[in-house]
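# Fold and geometry: a report
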Amino acid sequence: MWITEGLTDGKDLQRKVSEKRKMSMLVIFGVLVMFTGDAMGSLSMIPDCSFTQSDPCYGAVGHPLHLQLPIEYELNLKKNDSATHTLTRIFKIKHDKITKMPSDDPRWQFVSKNRTMIISSAEKRDSGKYFLDTFDFSGTSKGMYDLQLVIEENSPPTINLLEFGQSIMCVIEDFYPKPLSIKWKKDDREVRGRDWKTTENDSGSYRAVSVLEANLTSSSPGTKYTCEVTHGDRIYEKNLSPAAQFSLKIHPPPAKELFINQRAVLECVLSGDSRKEVEGTTVSWTAGGRSPATRDVRVGGVTQAGSAFTKTSTLTLEESVWFSGDEVFCSTSRNQRTTSEKISVKRGANSPPTIRLVEFGQSIMCIIEDFYPKSLRIKWKKNDREVRGRDWKTTENDSGSYRAVSVLKANLASSSPGTKYTCEVTHGGRTYSDNLSSRVQSSLKINPPPAKELFINQRAVLECVLTGDSRKEVEGATVSWTAGGRSPATRDVRVGDVTQAGSAFTKTSTLTLEESVWFSGTEVICSTSVDQRTASEKISVKRGGQRPSIVIYKPDKTVSDSDSVSLVCEVSSSDLANVYVMWKVNGSQYIEGNSLTTINKNDSTLIVLSYLTVTGQQYNSAEITCAVKDANIQNDFQPRTSSPSKTNSPPTIRLVEFGQSIMCIIEDFYPKSLRIKWKKDDREVRGRDWKTTENDSGSYRAVSVLEANLASSSPGTKYTCEVTHGGRTYSDNLSSRVQSSLKINPPPAKELFINKKAVLECVLTGDSRKEVEGATVSWTAGGRSPATRDVRVGGVTQAGSAFTKTSTLTLEESVWFSGAEVICSTSVNQRTASDTISVKRGANSPPTIRLVEFGQSIMCIIEDFYPKPLSIKWKKDDREVRGRDWKTTGNDSGSYRAVSVLEVNLTSSSPGTKYTCEVTHGGRTYSNNLSSRVQSSLKINPPPAKELFINKKAVLECVLTGDSRKEVEGATVSSTAGGRSPATRDVRVGGVTQAGSAFTKTSTLTLEESVWFSGAEVICSTSVNQRTASEKISVKRGGQRPSIVIYKPDKTVSDSDTVSLVCEVSSSDLANVYVMWKVNGSQYIEGNSLTTVIKNDSTLIVLSYLTVTGQQYNSAEITCAVKDANIQNDFQPRTSSPSKTNSPPTIRLVEFGQSIMCIIEDFYPKPLSIKWKKDDREVRGRDWKTTENDSGSYRAVSVLEVNLTSSSPGTKYTCEVTHGGRTYSNNLSSRVQSSLKINPPPAKELFINQRAVLECVLTGDNQKEVEGATVSWTVGGSPATRDVRVGGVTQAGSAFTKTSTLTLEESVWFSGAEVICSTSVDQKTTSEKISVKRGGQRPSIVIYKPDKPVSDSDSVSLVCEVSSSDHANVYILWQVNGHQYMEGNSMTTLVKDKNTLTVLSYLTVTGQQYNSAFITCAVKHANMQNHFQTRTITTSLSKVNCPICPLSDWR
C-alpha cells in the first residue's frame, strides 16, 4: 500500500477539512480518469463507490476499483472475516500518515489529495463487508461507515436459438458485466430484430432476449439466420437454418382453365435440395388407370429458390374426364425410390335439406345439412314475428352436397316460458322448418350470490326462483329455506309477488346470509310445496385450501389517452374453490367487469378471467384494482387485490417531526430504485434509510430518518430530504421555528455560591436582525429599576435564520432570596412583551397526599411539603406491606414532592380491602386510603385472547359483586347477543364465592368468534330485589387491518442472555386487537405485559412484551399473532416474526407434471445459488423469483424440465443449493422397482390394419428376475396364445424391461372384452387389465380453421374437435390428400360438464397445403353398435366441385 500527494502540515489539513466539511462528502459515480506524474503525481478521478452509500459496491475481477473516503483527520479501515467473525485492519491513516500492516497488499493504494482508496486490480477475495471508523483532531468519533464490496468474475454469454411461432428467439444468458450488443443476419445480410429488456439474475449475472420475426418453415431451404452478440470486446454467435427435404405435390386444376377452355390442367411439383437428383428424376402420370397421351404432358426445367430446386410437370385433361371422378396419379422415381400423389374431383347430387336446432350458449344454431343444389334461403321467427339471424358461409361436403348454418342471438333460459323460435328454410321451391321452445314446466332454481353484495355489504344474497305455467299453483306454493340445517331468522327471508312473462309465472324468495356463514361451506336448501308436491334445490360454496393467485394482464405497449384498453384479471385457484371478482377505479365503488369466463383445467385448477375495459386516460392516470373474494378453509373473507404496476410514477415526499427525529416518507413511486440524501441548511448529513417496501398497487414506499431535534435546533435551521428518482430530483424541507420570543433564564448556582450574586439573563429572539437590534430591553426588581451598572446588554448574534440579543441583570443574593419579583420587558416596533421570574421560598409545610389507581398498582403522590425529610409506610387493612419509593424531587417553589408505589390490583382484591399510605413528616403522621369496591356492582370482562386464538371462541364473564350473600345468591343473571338470547348450552352460571366482605357470582357466555367480531352488542342484565342493572359490551371494529412490527435488539445476543421483544400493533381507527405469541409453532402464549397507547390522530397502538432466553432468540422461530375486529370479518390471525440472524434453507423436491420443482424455504439472508444435476452431469434449470416471507426469511423455487416417468429407471436428479458458504441438496430418482403396465393400442394400427396391438411391459431392477418372469394374456376370460409375442430383455440405466404384445381384431377390442396381462416373478403373481370404454352415441366431429386468408408461405394449425357424450374411447389420425394416416402434433382431452368428453387433435400444415390440399380428420370410436367404420371430416379451400368436400367446414 502506498500514499501519494500528502498535505504539508496540520494547519493545512485543518483548513482543508473545514472546507470539505462545508461541501460535505464527494459521492460521484462514474468512470475513473487517471493522469500519472512524478511519483504518481496528482490523480484526478471520479470514484466508483463511496462509504456513504447504502447499496453494495460492485466491481469486476482484474479491473481497478475506486472508493471515496470521508474527509476526517483519522481513518481506520477494517474488513470483516466471515470465517472467524473477526475484524482485520486494512489500514490506519492519522494526520495523513499511513500505518502499514504485515498483511498489507500493494494492490491497495491511497490518494490523500481527494481521499480515495484504489484497488489497482480487484480480486475475488476482496469481496466482503468493510467498516470505516472516523475521528477528529481530538480523537472524538465522527461516526462509523460500512460498505459491502462484491467482486464479480467476467462471464461470457451462452446463446440459444429457439424457433418460436413465426419468430426466432435468441436467448443470451449468464453474462457479466451487463453491456452487450446484439446483431441479426439473414445469410450475410444484416436484418433488424427486436431486443427485450436485459434483466439481472439472482446470481448477479444478466440475461437478454432478442426476437427476429422470421418463419423458418416458409423460408427458402438452407437460409441461415445468425444471432451475433458482442460482449467484452469479443463476438459470440449462433445460427439456425430451415431444412430442405424432398417433396411431391399435385396442385388441383385452376377454375380459369375449366371455365374458358373446358380443360382441367393439373401440376405435379417435385422439390429437393440437390439439383443433380431433381434433374435426374422421372415424372409420370395416370388418369383412371391409363397413361395419358404424350401431347397432354409437359415437363419444365429445374428452377432454384434459395437452396431448393424445383421441377414441375403439367397434365391436361378434358373436363368430362376430370368431372367423371377418375383418380389421377403423379409418380416420381428417384434413385430407385418411387413416390406418388393422387387427386380426384368430388361430385354432388339433388337432395332436400335436413334441419337441426341446437341451443348454443346465448344463441340458437340452425344446422342445415345434405342439400343440393347450393341455393337456399333462411328465415327466423320468434313466435309469429320474423326476427333477424346471422347466416354463416355455405360449405360443400365430401359427398358434393352442401351444409349451411344460421345463428340467432336468443337466450332460451331467460326467454318467457313457451316462447317458440322457428328456423324456416326455402330450398328448390319448397319450405322446410324446425322449432325450439323455452321451457314452461314448473321448476325450482337457486341463483348463487352476486359478487356485488359480498363486496359492498358483506352479505350473501341467494335467490330461490319458482317458475310454473299456472298462476294459481305458483301463488299457492310455499317456499322455505334452511342453512346448515337451521331455519333462518324471519327478517333474513323475503318473498316477492308473482310475476308473469309470456305464459310462465314466477315467484322469487331471497335469503340473506352473513358472508361468514356462506363462506363456511354451509349447505343451503330451498324447498317448495305445490299441491302436495315437494321439490327442493341445494347450493353451497366450494371452499379451497390455498388462496388464489391474482395476475392482471395489461398491454405491453404505450396507450394514448384517446384509446380504450382491456385489462384481464386472471384468478387461479388450485382446487376449484368459488371465487368472486370485482374491480375498482381510483378507489371508487366496486364495479363488475365487462365479462367473466371460467375455465376448469385437467389438474383441478379453476381459472376465472374477468375483463374490464377502461379509457386510455383512466389507464394512464387512475389506480385500477382487481379485487377477489374466495371461499377458503381459513375463513379469510378479506378481498385480495392486485393492480397493474404503473409505467413510471414519481415519488411524493412528506416530512414528519417524530420525537427527536425527522422522518422522510417517500410514497407511490415506480420503479423501485431511488437515492436519498439529507441536508442541514446547505451541508450534507447522514440519515438512516429503512427498507423499501412494495405496495399492493405495485408502486413502492421508502422511509428515511434523520436524528435531529427541531425544538433544540437553532431557530431557522432548515432540514431537507432530497430524493433522486428516474434521473430527476425531488425534495421537501422542514425548519426550526424562528418567531420572536422573550425568556428569562434563572440565576446559575455557581454565581450564588462563589460571588453571592444572582445573575439573570433575559434573551430576546426573532427572525429580523433589524427588529432585534432596534428593540429596547429594561428590568425591574421588586418594582424598582436596577442601577445601570448592574445591567449589561450584548450584541446581536445569528444562528441559522434566527437573531438573538441577551441582557443580564446582577442582583445581590439577599435581594433574590427575598422573593422580589423580577420583570424583563422589551419593546419592538411599538409591540411590548415581558417575562417574570422570582424565587420560591420554602417553609415548614405539611404534605398533601393523593392515592391513584395505576394499572396493577396504587400510587401515593405526596406534594408541597418542606423540609425534605419524611418516611412512607404502606398498610393492607391493618397489616404493613412493602411499597417502592421513588426519588424525592424539589419543585420550583422550593417545596418537595415524593411518590411511592404499591404493586397491587384493586380489581382482583377482595372487595372492601383497604390500602393505606401513611406519611410521617415533621413529627406528625398523615395518611390517605383506597378500598376495593364492596357495593353491589355488575361488570362484563372482555374475552381473553387465548380462547379466541386456540378455540375460536369469545368467552365473556359477567361478574355480579355485592356485600350481601342472600342478595347475590338470589339475583338472576341473563345475557343477549345482537338482540337475541343465546342457546342454553352457551351460558354457565357459577356459585357464589366470598372474598373479604364481598360476595361474587359469575356468569360466562361463549360466542363464536364470528359473532363477537361482527360487532354484535352483548348485554348482561341482573335483577336483585326488584332492582335491575345491566352492562353492555361490544367489539370496536376498524376498517383497515392493523400493521404489525416486531422490535428486537440491534446487537448480537448470547445464549446466556435474556431478550425482550416488543410487538407493536397499530390500528388506525381504534379497533380492538388481541395479541399472543408462539415460540417454534407451539401453543399460543401471552406476553409478559400489554400496554395500550391512544395517539392524537385516533391511532391505537398496542405493545405486547415477551421475554425469552438468548438461546430461544438465536434458534427458535418467534411469532407475534394478532386477531383484530374488522369490518371485513377476517378472523384469521395475522403474524409477524423477527428475521433470523442466519437460517439455512430447507429443500423439498416435488414432481410437477413434466417437471421437477425444487422448493427452497426459510433461509436467511437472501443470496443463494441453485444448481441441477442429472446423475453426475450438471443440467440447466429455470429459477423463479426469490420472495420474502412474513417472518423475514426467504423462499425460492427452481424448476427442471424433465419427465421422471419416461426417464431411465434409477436416474437421479439433484437440486444443489449453496447458501452462506455451505452446500445443501436433495434428490429424486426415477422408479426402478418391479412394475407391470398395459399400453393401450395405438391409433395407427387400428386405422391401417384394423388391428388392436396391446403391449404389456414388465420393468424391474433385477435382470435375472425379469428374464425368468412368465407373461400370459386372457381376453374375455379365455387364454390368448397364438397372437402373442414376447421380446427379449432390454436395459435402460439400472432398469430391465421385457415386453409382450397381443394383437386382436378390432372387432374384439371394440366389443369391450376385458384384456388381462399377468406375470409371475419368483412365485409373486401380478396382473393388469384394460378394456375399451364404449359409448352409445357416435361422436360429433368438427374441424376449426383460421377465419382469415392464409398465404402459401405461412403455417396453419387446424383443430379437430371430437365430442362424445359418454366418455367413450376415441382414436384420431389425419390424412393430407388421402395419403397415409399420420398423427397430429398434439392431442388434448377435456372433460366437460354434463359428462361430455372432448378430444382435441392439432395438426400443423403449410399454407400451401392448406390452400390446395384436402385435409381429413379421421376418427374411430368405441360404441355399443359395434360400428368400427372410420368417420371422417375433410376441409379444403379448393373451389372446384369434388366428392370429398367437408362433412363440417365452419369458419
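Residues numbered from 1 in each chain as written. Predicted model: local features only at pLDDT ≥ 70, side-chain atom pairs only at ≥ 80, totals over all residues. Heavy atoms only, no water.

### Digging into the state of the cysteines
According to the stated counting rule, one finds 13 disulfides in the structure shown. In this model, Cys464 is linked to Cys526 through a disulfide, with the two sulfur atoms separated by 1.9 Å. Judged by the sign of its S-S torsion, about -85 degrees, the cystine formed by Cys464 and Cys526 is left-handed. One end of the pair, Cys464, is in strand E39 (residues 459-468); the other, Cys526, is in strand E44 (residues 524-530), and 62 residues separate them in sequence. On the accessibility criterion, Cys526 (0% relative accessible area) is buried. The partner cysteine of Cys664 in its disulfide is Cys721, sulfur to sulfur 2.1 Å. Given an S-S torsion of about -80 degrees, the disulfide between Cys664 and Cys721 has left-handed geometry. Highlighted residues: Cys664 in strand E54 (residues 661-669) and Cys721 in strand E60 (residues 718-725), separated in sequence by 57 residues. Assigned by exposure class, Cys664 and Cys721 land together as buried. (Disulfide = S-S within 2.5 Å. Helix = DSSP H or I, 4+ residues; strand = E, 2+ residues; numbered from the N terminus. Buried < 20%, exposed > 50% of the residue type's maximum accessible area, 1.4 Å probe, protein only.)

### Some thoughts on unusual backbone geometry
Across the junction of Tyr372 and Pro373, the peptide omega takes the value 5 degrees, indicating a cis bond. The residue Pro373 is located in the loop between strand E30 (363-371) and strand E31 (377-382) in this model. Here the bond from Tyr866 into Pro867 is cis, since omega is 0 degrees, no more than 30 degrees from zero. Structurally, Pro867 can be placed in the loop between strand E71 (857-865) and strand E72 (871-876).

### Here's the deal with the sheet that holds strand E36 (residues 420-427)
In spatial order, the strands read E32-E31-E36-E37; together these four strands make up an open sheet with antiparallel pairing. Each edge of the sheet is formed by a strand with only one pairing partner; in this case those strands are strand E32 (385-387) and strand E37 (430-437). Within this sheet the neighbouring strands show an average axis-to-axis angle of 30 degrees, counted without direction. Across three bridges, the pairing between E31 and E32 is antiparallel. Across the sheet, residue Trp380 finds its bridge partner in E32, namely Val387. (Pairing = 2+ DSSP bridges. Axes fitted to C-alpha atoms, helices over the stretch in contact; angles between N-to-C directions.)

### Points about the nonpolar core
Leu1254, Trp1273, Trp1309, Val1315 and Tyr1371 are the most contacted members of the largest nonpolar core, which has 30 residues in total. Residue assignment for this core shows that the elements contributing at least two residues are strand E103 (1235-1239), helix H16 (1243-1248), strand E104 (1251-1260), strand E105 (1270-1275), strand E109 (1295-1305), helix H18 (1306-1310), strand E110 (1315-1321) and strand E114 (1370-1376). Ranked by residue count, the leading element in this core is E104, at four residues. In this view, Tyr1371 contacts Pro1241, Ala1243, Leu1246, Phe1247, Trp1309, Phe1310, Val1332, Ala1418, Val1419 and Lys1420; residues no more than four positions away in its chain are not counted. Core analysis: the second largest hydrophobic core is formed by 29 residues, Ile446, Phe455, Ala460 and Val530 among them. (Core = buried A, V, L, I, M, F, W, Y, C linked by side-chain atoms within 4.5 Å. Contact = heavy atoms within 4.5 Å.)

### Thoughts on the pattern of salt bridges
Oppositely charged side chains can form a pair if their charged atoms are brought close together. Summed over all chains, the structure comprises 42 salt bridges. Of the charged contacts, one joins Arg1180 and Glu173 as a salt bridge, the two residues approaching to 3.5 Å between their closest N and O atoms. Taken together, the residues Arg1180 in the loop between strand E97 (1177-1179) and strand E98 (1182-1183) and Glu173 in strand E13 (residues 167-175) connect sequence positions 1007 residues apart. The partner of Glu318 in a salt bridge is Arg263, and the shortest N-O contact between them spans 2.9 Å. Of this pair, Glu318 sits in strand E26 (residues 308-318) while Arg263 sits in strand E22 (residues 263-272), and the two are 55 residues apart along the sequence. Among the residues examined, Arg263 registers a relative accessible area of 31% and is labelled partly exposed. (Salt bridge = Lys/Arg side-chain N within 4 Å of Asp/Glu carboxyl O.)

### Concerning the confidence of the model for the protein chain
Mean pLDDT over the protein chain: 78, with 81% of residues reaching 70 or higher. In this model residues 1439-1451 is a low-confidence stretch, pLDDT under 50, and it forms 68 contacts with partners more than four residues away in sequence or in other chains. (pLDDT = per-residue confidence, 0-100.)

### Focus on the environment of Ser908
Here Ser908 is to be found in the loop between strand E76 (896-903) and strand E77 (914-921). Separated by 52 residues in the primary sequence, Ser908 and Gln856 place their C-alpha atoms 9.6 Å from one another.

### Focus: the packing of aromatic side chains
Any aromatic ring pair is given by two values, namely how distant the centres are and how the planes are angled relative to each other. A full pass over the atoms with the stated rule returns nine aromatic pairs. When the ring of Tyr176 is compared with that of Tyr206, the centres are 6.2 Å apart and the planes differ by 20 degrees; the resulting orientation is stacked. Taken as a pair, Tyr176 in the loop between E13 and strand E14 (181-186) and Tyr206 in strand E18 (residues 206-213) lie far apart in primary sequence, 30 residues in all. According to the relative accessible area criterion, Tyr176 is buried, its value standing at 11%. Note on Tyr206: relative accessible area 14%, which makes it buried. Relative to Tyr896, the ring of Tyr866 has its centre 6.1 Å away and its plane inclined at 15 degrees; by these criteria the two rings are stacked. Taken together, the residues span a long stretch of sequence, with Tyr866 in the loop between E71 and E72 and Tyr896 in strand E76 at a distance of 30 residues. When its relative accessible area of 29% is taken as the criterion, Tyr866 is described as partly exposed. (Phe/Tyr/Trp six-rings, centres within 6.5 Å; stacked < 30°, edge-to-face > 60°.)

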